[in-house]
Amino acid sequence: MSLASGSSTRHRTEEQLSAPTTGTPSASTEQVAAGPPITLSGPRPHRPATLPRILRAVLTGVTRSAAIVALLLAWELAPRFGLVDPTFLPPFSEVAQAWWGLVANGQLADNAAASLVRSFSGFGIAVAGSVPLGLLIGWYRPVADLLNPLLQVFLNTAALALLPVFVLLLGIGETSKISIVVYACAWPILFNTISAVRTVDPTLLRLAKSMDLSAPRLFQKVILPASVPTIFTGIRLAGAISIVVLVAAEMIGAKAGLGYLINASQYNFAIPQMYAGIVTISVIGVAFNQLLVAVEKRLSSWRVPAAH
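Residues numbered from 1 in each chain as written. Predicted model: local features only at pLDDT ≥ 70, side-chain atom pairs only at ≥ 80, totals over all residues. Heavy atoms only, no water.

Chemist: Can you break down the overall build of the protein chain residue by residue, with the values?
Modeler: Across its full length, the protein chain carries twelve helices and zero strands. The secondary structure elements of the protein chain, listed N-terminal to C-terminal, are α-α-α-α-α-α-α-α-α-α-α-α. A burial count over the protein chain gives 31% of its 308 residues as buried. Across the protein chain, the fraction of contacts at a sequence separation of at least 24, relative to all contacts at a separation of at least 6, is 73%. Only carbon and sulfur atoms are counted for the fraction: they give 67% of the accessible area of the protein chain, which is about 20200 Å². (Helix = DSSP H or I, 4+ residues; strand = E, 2+ residues; numbered from the N terminus. Buried < 20%, exposed > 50% of the residue type's maximum accessible area, 1.4 Å probe, protein only. Contact = heavy atoms within 4.5 Å. Areas by Shrake-Rupley, 256 points an atom, 1.4 Å probe, with all protein chains shown as cover.)

Set out below in structure tokens:
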């Protein structure tokens, strides 16, 4: 081999070693580059199966309705086995038939609509007036000290005891019935609102004051949100009172309403229709309470749930 050929061979070898690799890498290079697969995400969270969740939901529903089912079963069986007089307490199936008859002829809808309009009107007026007044009284201590004795007098005066006074002053029409509902609902809302403002966590107040919040901002950002649960306790109590007081008022003097339906059924000795009216009032009360609970949860969604 000549020196020229050796030199050219050595020159080509050096070029191959120094030139960058642009082609397809070899198998060994692929194995080294590939390596084991890299997992970028952490372990997947365990998700409970759908079937156990459905079973738990069904079990919860059965547990919550067991007492009501037991009551209805006892109501059905007690008159049939002679434990009570079926003349005065007919079986639940007869009451259900009477309820359907009232629905079919439109009496139940007409009377329920009349009661709901009166009850919701009085309840709405009570909420609109008592919540702002309670916030004012709870925020300003001198106002509370001035009005507290008078408020205690009205709180301890039963609404039904004043029903004749409302009838004498306002007549036997709609005004007296709505007014008695307003009176009965105002006090639980008012006193719960006052208590809510006064029992706000002092730590929250100190933290808010340390941020130099003005009085209106302090009230808006701290006092009002922290008072929502206690205020709604009074509102829910007032919701139940509004129906009870209205039914009693309708029994005394009315030409329509669930109280009128119950009273007229008693006078006509239509006992199943009477119980049908009572059941309707109970269902409306439960539905109204659940509605208020849903509204409270929506307004209190910012709260952190307590750990169990």
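Chemist: Run through unusual backbone geometry, naming residues and quoting values.
Modeler: Negative phi values dominate among residues other than glycine, just as trans dominates among peptide bonds. The backbone phi angle of Phe269 is positive, close to 55°, even though this residue is not glycine. As for its placement among the helices and strands, Phe269 is situated in the loop between helix H11 (258-267) and helix H12 (271-299).

Chemist: Please provide a residue-by-residue account of the packing of aromatic side chains, values included.
Modeler: Within a pair of aromatic rings, the relevant descriptors are the distance that separates the centres and the angle that separates the planes. All chains considered together, the criterion is met by nine aromatic pairs. Ring centres of Trp75 and Tyr275 lie 5.8 Å apart, and the angle between their planes is 65°; on these two criteria the pair is classed as edge-to-face. On the criterion of sequence distance, the pair formed by Trp75 in helix H3 (residues 50-80) and Tyr275 in helix H12 is long-range, its members being 200 residues apart. Joined through ring pairs, the aromatic side chains of Phe154, Phe166, Tyr183 and Trp187 make up one cluster. (Phe/Tyr/Trp six-rings, centres within 6.5 Å; stacked < 30°, edge-to-face > 60°.)

Chemist: For the environment of Ile180, give the residues involved together with the corresponding values.
Modeler: If you trace the backbone, Ile180 turns up in helix H8 (residues 174-198). Residue class for Ile180 comes out buried when judged on its relative accessible area of 0%. Considering only alpha carbons, one finds Ile180 and Val165, 15 residues apart in sequence, at a separation of 9.8 Å. In this view, Ile180 contacts Ala159, Leu162, Leu163, Phe166, Val245 and Ala249; residues no more than four positions away in its chain are not counted.

Chemist: An account of a nonpolar patch on the surface is requested, with residue identities and associated values reported.
Modeler: On the surface, Leu73, Leu77, Phe81, Leu83 and Val84 cluster together into a nonpolar patch covering about 520 Å² of accessible area. Relative to the helices and strands, Phe81 is located in the loop between H3 and helix H4 (92-104). (Patch = residues over 30% accessible without salt bridge, like charges linked within 9 Å, V, L, I, M, F, W, Y side chains within 5 Å. Salt bridge = Lys/Arg side-chain N within 4 Å of Asp/Glu carboxyl O.)

Chemist: Go over the nonpolar core with me, naming the residues and quoting the values.
Modeler: Ranked by internal contacts, the top residues of the largest apolar core, which has 51 residues, are Phe123, Leu151, Ile180 and Leu258. With twelve residues, H8 is the largest single contributor of residues to this core. What Leu151 contacts, discounting residues up to four positions off in sequence, is Ile137, Trp187, Leu190, Phe191 and Ile194. (Core = buried A, V, L, I, M, F, W, Y, C linked by side-chain atoms within 4.5 Å.)

Chemist: Now, about the confidence of the model for the protein chain: what can you tell me, with residues and values included?
Modeler: Model confidence for the protein chain is summarised by a mean pLDDT of 79, while 81% of its residues fall at 70 or above. For the protein chain, per-element mean pLDDT is lowest for helix H2 (residues 27-34), which scores 43, and highest for H4, which scores 93. Counted against residues more than four places away or in other chains, residues 1-36, with its pLDDT under 50, gives three contacts. (pLDDT = per-residue confidence, 0-100.)

Chemist: Tell me about helix H10 (residues 215-252), residues and numbers included.
Modeler: Over its 38 residues, H10 extends only 48 Å from the first C-alpha to the last, a length that falls short of the 56 Å expected when each residue adds 1.5 Å. Bending of H10 peaks at approximately 50° at the position of Val228, with proline Pro229 no more than four residues after it. (Expected span 1.5 Å × (residues − 1). Bend = angle between axes of the 7 residues up to and from the residue.)

Chemist: Describe the layout of surface pockets, naming the residues involved and giving the relevant values.
Modeler: Approximately 270 Å³ is the volume found for the largest pocket. Around the largest pocket sit Ile68, Leu71, Leu72, Trp75, Phe92, Ile278, Val279, Ser282, Val283 and Val286, which together line it. At the level of secondary structure, the elements contributing two or more residues to the lining of the largest pocket comprise H3 and H12. Take the lining of the largest pocket: its biggest share by element is five residues, from H12. The residue makeup of the lining of the largest pocket, split by class, is nine nonpolar, one polar and no charged. Considered as a void within the structure, the second largest pocket measures approximately 160 Å³ in volume. What lines the second largest pocket is Gly138, Trp139, Arg141, Val197, Arg198, Val200, Leu205, Lys209, Leu218 and Ile223. (1 Å grid on protein atoms, 1.4 Å probe; cavity = no way out; pocket = protein on both sides within 12 Å on 5 of 7 lines; lining within 4 Å. Points joined across faces, edges and corners; volume = space filled by probe spheres on them. Nonpolar A, V, L, I, M, F, W, Y, C, P; charged D, E, K, R; others polar.)

Chemist: Before we move on, could you go through the pattern of salt bridges and cite the residues and values that matter?
Modeler: Enumeration according to the criterion identifies four salt bridges in this entry. With a shortest N-O distance of 2.6 Å, Glu76 and Arg80 are connected by a salt bridge. One end of the pair is Glu76 and the other is Arg80, both in helix H3 and four residues apart, which spans about a single turn. Residue Glu296 pairs with Arg236 through a salt bridge whose shortest N-O separation is 3.7 Å. Taken together, the residues Glu296 in helix H12 and Arg236 in helix H10 connect sequence positions 60 residues apart. For Glu296, a relative accessible area of 15% corresponds to the buried category.

Chemist: Give me the lowdown on the packing of helix H5 (residues 107-139) against H10, citing residues and values where you can.
Modeler: As a packed pair, H5 and H10 sit with axes 8 Å apart at the nearest point and diverge in direction by 145°. Two packed elements cross with a definite hand, and for H5 against H10 that hand is right-handed. Considered class by class, the residues forming the contact of H5 with H10 number 15 nonpolar, four polar and two charged. (Axes fitted to C-alpha atoms, helices over the stretch in contact; angles between N-to-C directions. Left-handed = near helix turned anticlockwise from the far one by under 90°.)

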